[in-house]
Amino acid sequence: MKLSWDNTGERLYETGVDHGVLYKFDSVQNKYANGVAWNGLTSISENPSGAEETKLYADNIKYMSLYSAEEFGATVEAYTYPKEFEECDGSAELMDGVTIGQQTRKPFGLSYRTKIGNDTDGQDHGYKLHLIYGAMCSPSSKAYNTVNDSPEAITFSWELTTTPVNVPLYKPTASLVIDSTKFVSDEAKARLTALETVLYGTDSTPGTPAVYEEDTAAAFVANKTYYTEAGGVYTVFDQFEATSDVSFQVDKDYYERSGEEGNYTYTLTADTVMDAGKTYYTIKVKGADTYYTLKTPAVPATEATDPTLPLPAEVINILQGNNG
């Protein structure tokens, strides 16, 4: 097929930075946990280094090239930073409102999002999730200037170095990028959402009770589950009963039962003549009592989850649906 350029929908670009999250490394649990939102991010510049060539010559020719290890670094700029970042920046809190510097710097992880745009969807075409592992920041200058007729907010800046983490079957890395535009199907999108749930945490939900409605039909049917009510408690009612008939009657349906108590399944019998070794069941006659069916299932309450930064192998397991 002949090549073509700048087709509609293929004019892609990247822009912006948002959804910054800081994850301090918990040395006790040996994981990046308790992520906190990083407000005021203005710029994150990724600065890889290394991979420098060393030329080897032999037999009067260039024999081969050796390359140094590649390292990942970054520059972070922001108007502010979360309080939890102070430890990572070499500060310690003596008491509320009193901090000192020149302390041991703590490692951390970082996640942030950039936008993917194109010529048809604009900036809403998609996004990339960037995950950084094993980061340490070096001291940086802070310039405080007098307020004048052209006020500007201070922009803080930090240089980051990283220590890569293991990736099964690949070389260790300190950075991982997920492109949302590659997750097209509903199932794939759900897995991407599951990853974001891990990265950003969830709120608790109270749950809702089941809703039942009165069944006003004149007779029971086989394919419904019925309930009785006493004191606001609904209990499953079994509309089947063992028959005392000694032969099949033409005006009745007969069923066989399988499963265990509380989870029985009834299926129409395929027998044409009653087997004396079997028990057959028929549907009960509906009496004057009130019976209910389930209108809306109960939604269980959920507990809040804290944001965490999964390692690359865990990220892949989540995105492949292998996380159980």
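Structure's up top.
Each value, and the rule that gives it
- Residues numbered from 1 in each chain as written.
- Predicted model: local features only at pLDDT ≥ 70, side-chain atom pairs only at ≥ 80, totals over all residues.
- Heavy atoms only, no water.
- Helix = DSSP H or I, 4+ residues; strand = E, 2+ residues; numbered from the N terminus.
- Rg over C-alpha atoms; globule rule 2.2 N^0.38 Å.
- Buried < 20%, exposed > 50% of the residue type's maximum accessible area, 1.4 Å probe, protein only.
- Contact = heavy atoms within 4.5 Å.
- Areas by Shrake-Rupley, 256 points an atom, 1.4 Å probe, with all protein chains shown as cover.
- Lys, Arg positive; Asp, Glu negative; His and termini not counted.
- Charge placed at Lys NZ, Arg CZ, Asp CG, Glu CD.
- Pairing = 2+ DSSP bridges.
- Axes fitted to C-alpha atoms, helices over the stretch in contact; angles between N-to-C directions.
- Parallel < 35°, antiparallel > 145°, perpendicular 65-115°, else oblique.
- Nonpolar A, V, L, I, M, F, W, Y, C, P; charged D, E, K, R; others polar.
- Core = buried A, V, L, I, M, F, W, Y, C linked by side-chain atoms within 4.5 Å.
- Salt bridge = Lys/Arg side-chain N within 4 Å of Asp/Glu carboxyl O.
- Disulfide = S-S within 2.5 Å.
- Expected span 1.5 Å × (residues − 1).
- Arc of directions from axis to C-beta.
- Patch = residues over 30% accessible without salt bridge, like charges linked within 9 Å, V, L, I, M, F, W, Y side chains within 5 Å.
- Phe/Tyr/Trp six-rings, centres within 6.5 Å; stacked < 30°, edge-to-face > 60°.
- Lys NZ or Arg CZ within 6 Å of the ring centre and 35° of its normal.

Draft legend 1. Region of interest: the overall build of the chain. Per the secondary structure count, the chain includes three helices and 24 strands. The C-alpha atoms of the chain give a radius of gyration of 32 Å, which is well past the 20 Å a tight globule of 324 residues would have. Referenced to the eigenvectors of the C-alpha coordinate spread, the extents of the chain come out at roughly 100 × 65 × 45 Å. Counting only residues that meet the buried cut, the chain has 28% of its 324 residues in that class. Long-range pairs, those at least 24 residues apart, make up 67% of the contacts in the chain with a sequence separation of at least 6. Total accessible area on the chain stands at roughly 21600 Å², and carbon and sulfur atoms take up 50% of it. Between the centroid of the 24 positive side chains of the chain and the centroid of its 47 negative side chains there is a distance of 4 Å.

Draft legend 2. Seen up close, the pairing of strand S19 (residues 233-237). The sheet contact formed by strand S18 (residues 226-230) and S19 spans five bridges and is antiparallel. Its bridge partner lying in S19, Tyr227 is registered against Val236. Where S18 folds back on S19, the antiparallel hairpin that results is connected by two residues, among which Gly231 adopts a positive phi of roughly 60 degrees.

Draft legend 3. Region of interest: the packing of helix H2 (residues 186-200) against helix H3 (residues 312-319). Where H2 contacts H3, the two axes come as close as 8 Å, and the packing angle between them is 140 degrees. Comparing the axis directions of H2 and H3 gives the class oblique. In this structure, H2 uses Arg191, Leu192, Ala194, Leu195 and Val198 to contact H3, whose residues at the interface are Val315, Ile318 and Leu319. Here the residues of the contact of H2 with H3 are counted per class, giving seven nonpolar, no polar and one charged.

Draft legend 4. Highlighting the nonpolar core. Trp38, Val76, Phe85, Phe108, Leu110, Trp158 and Leu160 are the most contacted members of the largest nonpolar core, which totals 21 residues. At the level of elements, strand S2 (31-38), strand S3 (41-46), strand S8 (73-78), helix H1 (85-88), strand S11 (108-118), strand S12 (122-137) and strand S13 (156-162) are the ones that each hand at least two residues to this core. Tyr32, Tyr133, Phe183 and Val315 belong to the second largest nonpolar core, which has 19 residues in total.

Draft legend 5. Layout of the pattern of salt bridges. Counted under the stated rule, the structure contains 14 salt bridges. The residue Lys24 makes a salt bridge to Glu87 at a minimum N-O spacing of 2.6 Å. Of the two residues, Lys24 is situated in strand S1 (residues 13-26) and Glu87 in helix H1; the sequence distance between them amounts to 63 residues. As a salt-bridge pair, Asp271 and Lys278 come within 3.0 Å of each other at their nearest N and O atoms.

Draft legend 6. Summary view of the state of the cysteines. What the rule picks out here adds up to zero disulfides. Cys88 carries a free sulfur, and the closest cysteine sulfur to it, the one in Cys137, is 6.6 Å from it.

Draft legend 7. Expanded view of H2. For H2, with 15 residues, the first-to-last C-alpha span of 21 Å sits near the 21 Å given by 1.5 Å per residue. Looking at H2, one finds that the buried residues are Ala188, Leu192, Leu195, Glu196 and Leu199. Buried residues in H2, looked at end-on, bunch into an arc of 100 degrees, giving them a common side. Away from its buried face by more than 90 degrees, H2 exposes Asp186 and Glu187. Check the buried side of H2 and you find it contacts S1, S12, strand S16 (175-179) and H3. Trailing H2 by a residue or two, Gly201 shows a phi angle of about 80 degrees, which is positive.

Draft legend 8. Representation of a nonpolar patch on the surface. Together, Leu56, Tyr63, Met64 and Leu66 make up an exposed nonpolar region whose accessible area comes to about 370 Å². A total of three residues in the nonpolar patch trace back to one element, the largest contributor, which is strand S6 (residues 61-67). As for its position among the elements, Leu66 is in strand S6.

Draft legend 9. The packing of aromatic side chains, seen in detail. Going through the model one piece at a time under the given rule, you end up with 23 aromatic pairs. Three or more aromatic residues joined by ring pairs form one cluster here, namely Trp38, Tyr81, Phe85, Phe108, Phe156 and Trp158. One residue, Arg113, lies across the ring of Tyr127, its end atom 5.3 Å from the ring centre. The ring of Tyr264 has Arg257 lying over it, and the distance from NZ or CZ to the ring centre is 3.8 Å.

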